[in-house]
Amino acid sequence: MNAPDRFELFLLADGEAKVTMEPDTRQPNAAIFTFNKEDHTLGNLLRATLLQNEHVIFSAYKTPHPLFPKFELRIQTDGETSPKEALLSACQGLIGDLQMLSQKLTREWELNKIARDTS
Amino acid sequence: MDDYDQLYGSDRGPQITIKEADNKHAQIVLSNCDLAFANSLRRIMLAEVPTVAIDTVEIEANTSVIPDEFLCHRLGMIPLDSTNIDDKLIYSRDCMCEMYCEKCSVILTLHARCTGESNVTVYARDLVVAEGAQLGSPVITDKEGQGAIICKLRKGQELKMKCIAKKGIAKEHAKWSPVSAMGFEYDPWNKLRHIDYWYEESAEAEWPKSKYADWEEPPVEGEPFNYDALPSRFYLDVESVGSLPPDEIMQQGIKYLQEKLASVIDTLGNKNEGGDGFGDGMRSPGQDYSMGGMGGGGGYETPYGAGGGQDARTPYAGGFGGTTPYGANGRW
Ligand SMILES: [Zn+2]
């Protein structure tokens with residue numbers, strides 16, 4: 001059988017980087033980021049979050065081929081921030097949002113549990 | 001993120017409401033977030049939250065009517081208790097051992113034999129874990145306390161095997177998924193017109209109302225269509241297979257999504273200002289103890305070393321395609 005091992009969907013190969021950046025020379029303030037061993041879970045999340053940044057004028061991603069676990073994210077900014085800075089701040093913002101969500105969930109779950117135990 | 005402490009508990013950021021919950025499922029409402037965020041959470045809970053599941057089986061005797069491979073597949077699907085797995089188990093591929101050890105696996109033994117005239121049914125409860133162990137013990141929720149049926153035996157038939165349960169994620173095989181289903185719904189009144197309902201005479205009359213319809217305002221008659229509107233309330237239904245309680249599935253999903261994002265920040269070489277307060281949460285749990293192995297694999301003899309000859313650096317040393325001494329390929 002020549003099917004690739006399933007863990008190749010999420011384990012980086014030796015020396016493979018999670019993300020690489022390639023400036024897009026056709027337009028100013030644009031870059032294409034290639035994410036290895038990632039899929040729509042991260043791609044669409046970053047795409048949507050980047051579009052909420054007022055300095056981002058373009059953000060879209062594609063999976064070049066469904067058999068290869070990677071995606072390309074193209075970001076163009078208005079020059080106030082670089083595509084890389086925009087990407088990093090999107091990641092940091094999301095980590096913060098998720099942290100808040102986690103704490104709210106802990107609290108909500110406790111309250112729900114108390115309500116369940118008393119009823 | 002400087003004013004994080006003031007934000008805590010505020011109206012900013014995604015909100016969560018628990019509609020209904022027990023130890024097997026949770027219906028939650030996510031609001032104040034976009035579709036991509038909610039969907040990423042759904043995807044990560046479905047496919048990237050680790051659990052334990054039987055991964056390799058060493059069959060000593062199988063005289064049942066079920067072939068070895070069939071039996072191994074059935075064993076893999078049995079939910080095993082995976083609470084706090086990240087503190088207790090590392091991935092086998094990150095472990096220093098040659099095949100498996102107590103750091104990266106849980107051993108379950110199964111021995112059943114039919115001696116009487118009537119058939120014997122072998123259940124998940126017959127899988128024996130080390131005494132006192134909670135991690136890896138079969139999840140049993142039925143009131144008879146039997147668990148899933150593995151096999152049936154006729155007089156004289158016997159099963160004797162050693163099952164090696166390992167940590168994994170559902171991206172590799174669905175048996176590692178902590179959820180049996182992840183409900184996901186938004187816009188119960190279809191105000192956004194993301195769905196084009198098929199109908200004979202009237203879509204309203206022919207389609208059932210969403211069970212979440214009462215949670216949102218019905219559309220006003222003659223209201224103009226708002227093409228700028230975006231979904232912002234998402235109804236998720238986390239249905240656990242039993243290996244993890246629903247709150248832990250959600251918390252783990254959040255954690256692993258954060259980890260994914262953190263690995264992006266890490267590789268892009270960000271030396272940004274600290275003080276985020278998130279530094280600790282986002283370390284990959286694997287990294288912390290991946291080196292705490294048995295001090296190198298050399299000189300470690302196992303009865304199975306002869307067959308594969310894989311070196312210890314390959315992921316799943318000795319796993320893929322390897323056959324057990326008894327001829328049964330134990331994987332999946
Ligand atoms: Zn090990």
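The rules behind these values
- Residues numbered from 1 in each chain as written.
- Chains lettered and ligands numbered in written order.
- Predicted model: local features only at pLDDT ≥ 70, side-chain atom pairs only at ≥ 80, totals over all residues.
- Heavy atoms only, no water.
- Helix = DSSP H or I, 4+ residues; strand = E, 2+ residues; numbered from the N terminus.
- Buried < 20%, exposed > 50% of the residue type's maximum accessible area, 1.4 Å probe, protein only.
- Areas by Shrake-Rupley, 256 points an atom, 1.4 Å probe, with all protein chains shown as cover.
- UniProt positions renumbered as here; feature names shortened; annotations may be inferred.
- Axes fitted to C-alpha atoms, helices over the stretch in contact; angles between N-to-C directions.
- Parallel < 35°, antiparallel > 145°, perpendicular 65-115°, else oblique.
- Contact = heavy atoms within 4.5 Å.
- Nonpolar A, V, L, I, M, F, W, Y, C, P; charged D, E, K, R; others polar.
- Donors = N, O, S within 2.8 Å, 3.2 Å for Na, K, Ca; no water.
- Tetrahedral: all angles 85-135°; square planar, octahedral: opposite > 155°, others 65-115°.
- Pairing = 2+ DSSP bridges.
- Salt bridge = Lys/Arg side-chain N within 4 Å of Asp/Glu carboxyl O.
- Lys, Arg positive; Asp, Glu negative; His and termini not counted.
- Polar contact = N/O pair within 3.5 Å; in protein donor to acceptor, adjacent residues only side chain to side chain.
- Buried area = accessible area lost by both parts, 1.4 Å probe.

Some thoughts on the overall build of chain B
Then, in step 1: Looking only at helices and strands, chain B features eight helices and nine strands.
Then, in step 2: Taking all 332 residues of chain B together, the buried fraction comes to 47%.
Then, in step 3: Accessible surface, chain B: about 17100 Å² in total, of which carbon and sulfur atoms supply 49%.

Re the UniProt feature "domain: DNA-directed RNA polymerase RpoA/D/Rpb3-type" (unreviewed entry) in chain B
Then, in step 1: UniProt annotation of "domain: DNA-directed RNA polymerase RpoA/D/Rpb3-type" (unreviewed entry) refers to residues 25–267 of chain B when read in the numbering used here.
Then, in step 2: The annotated region residues 25–267 of chain B carries 21% helix and 26% strand content, and the separation between its end C-alpha atoms amounts to 36 Å.

Observations concerning the packing of helix 2 (residues 35–47) of chain B against helix 6 (residues 246–267) of chain B
Residue and element names in this part refer to chain B.
Then, in step 1: Running from N to C, helix 2 and helix 6 cross one another at 105 degrees; their axes reach a closest spacing of 9 Å. With respect to each other, helix 2 and helix 6 are oriented roughly perpendicular. Where helix 2 abuts helix 6, its residues Ser40, Leu41, Ile44 and Met45 lie against Ile249, Met250, Gly253, Ile254, Tyr256, Leu257 and Lys260.
Then, in step 2: Residues belonging to the contact of helix 2 with helix 6 are distributed by class as follows: eight nonpolar, two polar and one charged.

Brief notes about the coordination of the zinc ion
Residues and elements named next belong to chain B.
Then, in step 1: Surrounding the zinc ion are the protein donor atoms Cys95 (SG), Cys97 (SG), Cys101 (SG) and Cys104 (SG), which sit 2.1 to 2.3 Å from the metal.
Then, in step 2: Of note is the zinc ion, whose four donor atoms meet at the metal with angles of 99 to 116 degrees in an arrangement that counts as tetrahedral.
Then, in step 3: Mapping the donors of the zinc ion onto the primary sequence gives the spacing C-x1-C-x3-C-x2-C. The pair Cys97 / Cys101 is uniform in exposure class, with both members buried.

A short note on the sheet that holds strand 1 (residues 15–21) of chain B
Then, in step 1: Taken together, the four strands give an open sheet; going across it, the order is 1-2-9-8 (chain B), and neighbouring strands pair in antiparallel fashion. Sheet topology places strand 1 and strand 8 (179–186) of chain B at the edges, where each strand pairs with a single neighbour. Within the sheet, the average angular offset between the axes of one strand and its neighbour, ignoring direction, is 20 degrees.
Then, in step 2: Here strand 8 of chain B runs beside strand 9 (residues 233–240) of chain B; their pairing, made up of seven bridges, is antiparallel. The residue bridging Tyr186(B) from the neighbouring strand is Phe234(B), located in strand 9 of chain B.
Then, in step 3: Its contacts with the sheet put helix 2 (residues 83–118) of chain A on strand 1 and strand 2 (25–31) of chain B, and the angle it makes with strand 1 of chain B is roughly 30 degrees.
Then, in step 4: Relative to the sheet, helix 2 of chain B contacts strand 2, strand 8 and strand 9 of chain B, its axis offset from that of strand 8 of chain B by approximately 170 degrees.

Some words on the sheet that holds strand 1 (residues 19–23) of chain A
All names here are of chain A.
Then, in step 1: Spatial strand order, 1-2-4-3: four strands in an open sheet with antiparallel pairing. Edge positions in the open sheet fall to strand 1 and strand 3 (56–62), since each of these has one partner strand only. When the angles between neighbouring strand axes are averaged without regard to direction, this sheet yields 20 degrees.
Then, in step 2: Relative to strand 4 (residues 70–77), strand 2 (residues 30–36) is paired through seven bridges, and the arrangement is antiparallel. Across the sheet, Asn36 pairs through a bridge with Lys70, a residue of strand 4.
Then, in step 3: Strand contacts of helix 1 (residues 40–51): strand 2, strand 3 and strand 4, with the helix running at about 170 degrees to strand 3, the strand carrying the most contacts.

As for the pattern of salt bridges
Then, in step 1: The tally for this structure, following the rule as stated, stands at 20 salt bridges over all chains.
Then, in step 2: Between Arg43(B) and Asp39(A) there is a salt bridge whose closest N-O contact spans 3.2 Å. On the criterion of chain membership, the pair formed by Arg43(B) in helix 2 and Asp39(A) in the loop between strand 2 and helix 1 is interchain, its members lying in two chains.
Then, in step 3: On the basis of relative accessibility, which here comes to 22%, the residue Arg43(B) falls in the partly exposed class.
Then, in step 4: Here Lys167(B) and Asp86(B) are joined by a salt bridge, their closest N and O atoms 2.9 Å apart. Taken together, the residues span a long stretch of sequence, with Lys167(B) in strand 7 (residues 158–168) and Asp86(B) in helix 4 (residues 85–88) at a distance of 81 residues. Each member of the pair, Lys167(B) as well as Asp86(B), carries the same accessibility label: buried.

Some thoughts on the side chain of Asp187(B)
All names here are of chain B.
Then, in step 1: With respect to the element layout, Asp187 can be found in the loop between strand 8 and helix 5 (203–206).
Then, in step 2: At 6.3 Å, Lys191 is the nearest oppositely charged side chain to Asp187, a buried residue that forms no salt bridge.
Then, in step 3: A distance of 2.9 Å separates the side chain of Asp187 from the backbone nitrogen of Lys191, its partner in a polar contact.
Then, in step 4: Among all residues touching Asp187, those that are not within four sequence positions of it are Leu192, Arg193, Glu216 and Arg233.

Side note on the environment of Val122(B)
All names here are of chain B.
Then, in step 1: Summarising the element assignment, Val122 is placed in strand 5 (residues 120–123).
Then, in step 2: For Val122, a relative accessible area of 1% corresponds to the buried category.
Then, in step 3: Placed 11 residues apart in sequence, Val122 and His111 show a C-alpha to C-alpha distance of 9.2 Å.

Examining the interface of chain B and chain A
Then, in step 1: Each partner contributes residues to the interface: chain B has 54 residues there, and chain A has 44 residues.
Then, in step 2: Between chain B and chain A, roughly 4800 Å² of surface is buried when both sides are summed, and carbon and sulfur atoms account for 68% of that area.
Then, in step 3: The largest share of the area that chain B buries against chain A comes from Lys171(B), Leu261(B) and Leu268(B), three residues that together contribute 15% of it.
Then, in step 4: The interface formed by chain B and chain A includes three salt bridges.
Then, in step 5: Across the pair Lys171(B) and Asp39(A) runs a salt bridge whose closest N-O atoms are separated by 3.2 Å.

Focus: the UniProt feature "domain: DNA-directed RNA polymerase RBP11-like dimerisation" (unreviewed entry) in chain A
Then, in step 1: Residues annotated in UniProt with the feature "domain: DNA-directed RNA polymerase RBP11-like dimerisation" (unreviewed entry) correspond here to residues 31–103 of chain A.
Then, in step 2: Helix and strand shares over residues 31–103 of chain A are 45% and 29% respectively, and the end C-alpha atoms of the span are 35 Å apart.

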